[in-house]
Structures are given as structure tokens and as C-alpha cells.
Amino acid sequence: MSDVKRPYVAPVRIEQAAETRRRVLRAAADAFTVNGWAATTLADIARTAGVTPQAVHLSVGAKPDLLIAAVSQAVAGGSAEVRLMDREPFRTALTEDVTLADRAAAFAAGSRGVYERAGQLFLVLAQAAPVHAAVAELWDSARAGRLADCRRLVEMVIDRRKKALVDRLTDVLFVVSGPGVYTELVHDRKWNASAYQIWLSTTIEHTLQAPPSRLVNTTPRT
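This one's a predicted model, so the numbers in the text were calculated from it and none came from an experiment.

Engineer: I'd like a rundown of the packing of helix α1 (residues 11-35) against helix α6 (residues 100-128), residues and numbers included.
Structural biologist: The N-to-C vectors of α1 and α6 enclose an angle of 70°; their axes lie 9 Å apart at closest approach. With respect to their mutual orientation, α1 and α6 come out roughly perpendicular. Residues Ala29, Phe32 and Thr33 of α1 pack against Gln120, Leu121 and Val124 of α6. Residues of the contact of α1 with α6, tallied by class, amount to four nonpolar, two polar and no charged.

Put into C-alpha cells, the structure is as follows:
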């Protein structure tokens, strides 16, 4: 049996490739945030990153790949191996024997952190989803995951046997804690992030504290 030589890749080259990828993803996140989906080009990203368009494609991929990677990195915040809802402050929001006020405050703080990193990128993801299947898959997965997390929060407070009420409150939390509301208030209406966090915490607490009976209508959910 003959010896097979394994290719040698210098650690310096590995680090250079990693640094190129980091620069490309930073440039992509900035470009998508400022210009949106349609107006962002690989040439723009390459120019900002200080590399060639070919290097952009080799380090990350095509335009949809760039958006997916930029969103994933921003959401992870450097801890991709640990799911968001298993990290603080979200973990407190879904822990037993926590007051409603603390639960709402924790969920609001976690939401603020995610949206400060990736709020506008989520909206770009929504723009691109109708035209790219891979982007649509990430967008749908993110929405489904957020809806499930909102439901978990509601069920920590409201008896899950009251299904119609749990369904409706889940929908309310899904909307008020979404990236669109954050972007409208912080970027468009010029709220600071702290004001948004306080508002969201207060809104969640009040919504779950005494939900009005009229919130649930008689039309069954299909």
C-alpha cells in the first residue's frame, strides 16, 4: 500500500482566509443594511472589504449566501453553538418561578440585543425571500422559531388549556416583538434602544397580566 501525501495548508493561510471571510461578512452586513437587497452588489461588498469580487464568491458564495451568512453571524453574536433562547437573558424569560415583570424584562432585553445586531438585516431577508429559495427557507425558519418562542413565553404565564387565548396572545407578542416594530421605532422614529426595551417589556407585561376576554373572538382558528 503506497503512502498518500496529505496536502499541507499553512496556518497563516487559514487565518488569512478566515480574516477575508470576516471582512466580507462585515461589508455585506453594512451594504445590505444601508442599501437593501436589490441595490446591493457583490462589487460593492468587494470594494468595501478590500478584495476582488472573485474573493467574495470564494470566501462566502453568491449574493444569497452572503445575506444568509451575514444574518446568521449577526444573530449568533459570536456564540453560534448556543441557541439564542438557551442564553441569557432569554433563558430567564423561559425559566420557571420567575415573576412576570422579570420575564418580560428579560425577553425585551434579549430582543433588543438581537435587533441591535441584526434587526435591519431581518427586513432585507424578508425582501429577498420571495426570489431565493435558500433565503426563504431561513426566513421561514426564523419566523417559525420566533413564533414558537413567543408561545413558550405565553404558556409560562397563561394556562395552556385556554388554547384560543394562548393562540391570540402568541400572535400579539409575535407582532410587537418583531424586527419591523424595532426598526420602525428605533431607526425611523428615532427612539433610543433603551426606550424600545422599556416599551417592549412594559407591553409584554401588561398584555400577559390581564388579557381582556374580548381578545378572543368566536371564530375558530383554521
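Engineer: Which residues make up helix α8 (residues 163-176), and what values do they have?
Structural biologist: With 14 residues, α8 extends 20 Å from end C-alpha to end C-alpha; this agrees with the ideal 20 Å at 1.5 Å per step. Among all positions of α8, only Leu165, Val166, Asp167, Leu169, Thr170, Leu173, Phe174 and Val176 are buried. Residues of α8 that are buried sit in contact with α7 (133-155), α9 (179-188) and α10 (193-209).

Engineer: Account for the packing of α8 against α10, naming residues and giving values.
Structural biologist: A pair of packed helices is characterised by two quantities: the angle between their axes and the separation of those axes. The contact between α8 and α10 brings their axes to 11 Å, and the two run at 175°. Classified by the interaxial angle, the pair formed by α8 and α10 is roughly antiparallel. Residues Leu169, Val172, Leu173 and Val176 of α8 form the contact with α10, whose participating residues are Trp199, Leu200, Thr203, Ile204, Thr207 and Leu208. When its residues are assigned to classes, the contact of α8 with α10 shows eight nonpolar, two polar and no charged.

Engineer: Explain the nonpolar core to me, and be specific about the residues and the numbers.
Structural biologist: Core analysis: the largest hydrophobic core is formed by 59 residues, its most contacted members being Phe32, Ile45, Leu67 and Phe122. Per element, the largest residue contribution to this core is 13 residues, and it comes from α6. Each residue touching phenylalanine 32, except ones within four places of it in the same chain, is listed here: Trp37, Thr40, Ile45, Lys63, Leu66, Leu67, Leu121 and Val124.

Engineer: How would you summarise the pattern of salt bridges if you had to cite specific residues and measurements?
Structural biologist: Going through the model one piece at a time under the given rule, you end up with 13 salt bridges. Its salt-bridge partner being arginine 91, residue glutamate 88 comes within 3.3 Å of it at the nearest N-O pair. Looking at arginine 91, the relative accessible area reads 45%, which means it is partly exposed. Between lysine 163 and aspartate 167 there is a salt bridge, and its shortest N-O distance comes to 2.8 Å. Remark: aspartate 167 and lysine 163 occur in helix α8; sequence separation between them is four residues, near one turn of the helix. Given the relative accessible area of 48%, lysine 163 is considered partly exposed. Given a relative accessible area of 6%, aspartate 167 falls into the buried group. Within this structure, Arg151, Glu155, Arg160, Lys163 and Asp167 form a network of salt bridges that share partners.

Cut-offs applied
- Residues numbered from 1 in each chain as written.
- Predicted model: local features only at pLDDT ≥ 70, side-chain atom pairs only at ≥ 80, totals over all residues.
- Heavy atoms only, no water.
- Axes fitted to C-alpha atoms, helices over the stretch in contact; angles between N-to-C directions.
- Helix = DSSP H or I, 4+ residues; strand = E, 2+ residues; numbered from the N terminus.
- Parallel < 35°, antiparallel > 145°, perpendicular 65-115°, else oblique.
- Contact = heavy atoms within 4.5 Å.
- Nonpolar A, V, L, I, M, F, W, Y, C, P; charged D, E, K, R; others polar.
- Expected span 1.5 Å × (residues − 1).
- Buried < 20%, exposed > 50% of the residue type's maximum accessible area, 1.4 Å probe, protein only.
- Core = buried A, V, L, I, M, F, W, Y, C linked by side-chain atoms within 4.5 Å.
- Salt bridge = Lys/Arg side-chain N within 4 Å of Asp/Glu carboxyl O.

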